[in-house]
Amino acid sequence: DDAGNERHAVDVAYFSEGSEFKVNDDGTISAEDVPGFVLGKVCRPGLTWNPGSSLGLVPQGHADALVFEALVCSRVVTVTASCADASVNVSCRDLSGDEILTLLMEPTETLGELRRRCADALGLLAVNVRLVTHDSILLTTDSDTIQSLTGVTSLG
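Here the structure is a predicted model, which means the values were calculated and not measured.

A. Region of the structure containing the environment of V88. On the secondary structure map, V88 appears in strand β6 (residues 87-93). Judged by relative accessible area, V88 falls into the buried class, the value being 0%. Spatially, the C-alpha atom of V88 lies 5.2 Å from that of M105, the residues being 17 residues apart in sequence.

Put into structure tokens, the structure is as follows:
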């Protein structure tokens, strides 16, 4: 990188077919089907030239669990929504009030989709975006619909 630090790209794959990894709020990464374990350094004598350099799953909170600090940093985005015929007009602003994006969404689209769109506009990962309402309520459930922001039960 620009500071002269060595960087490596790593693809993480899990031996269980169909398993997926997820980023946790604390900056750790876990396999979704192995609760209580996160990605960490493990010792594998005989498998690599440096036995302590292998990655594997370790118990959450273990000293060798890897914490990716870049995943912990968050941007807070204030979301407001209003009905616009059969759609929802959504405005997203940072804490200084600068507009991140304004868009028209279908009422059935989710907060997760909005989080991803904000992340794209900011050049971040979705896990780094925290959505809040104008009265500072943290929106944590990505499966909630955009319509839930309006307080209206049906549009159209």
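B. Focus on the sheet that holds strand β5 (residues 75-84). Reading across the sheet, the 5 strands line up as β7-β6-β5-β8-β9 and stay open at both edges, with mixed pairing between neighbours. Of all strands in the sheet, those bounded by a partner on one side alone are β7 (99-105) and β9 (138-139). Both strand β8 (residues 129-133) and β9 contribute to a ladder of 2 bridges, which runs antiparallel. Within β9, the position partnered with V132 by the bridge is L138.

C. Quick peek at unusual backbone geometry. Non-glycine residue D85 carries a positive phi angle of around 60°. Residue position: D85 is located in the loop between β5 and β6. The phi dihedral of S136 falls on the positive side, at around 70°, and the residue is not glycine. Mapped onto the secondary structure, S136 falls in the loop between β8 and β9.

Cut-off values and rules
- Residues numbered from 1 in each chain as written.
- Predicted model: local features only at pLDDT ≥ 70, side-chain atom pairs only at ≥ 80, totals over all residues.
- Heavy atoms only, no water.
- Helix = DSSP H or I, 4+ residues; strand = E, 2+ residues; numbered from the N terminus.
- Buried < 20%, exposed > 50% of the residue type's maximum accessible area, 1.4 Å probe, protein only.
- Pairing = 2+ DSSP bridges.

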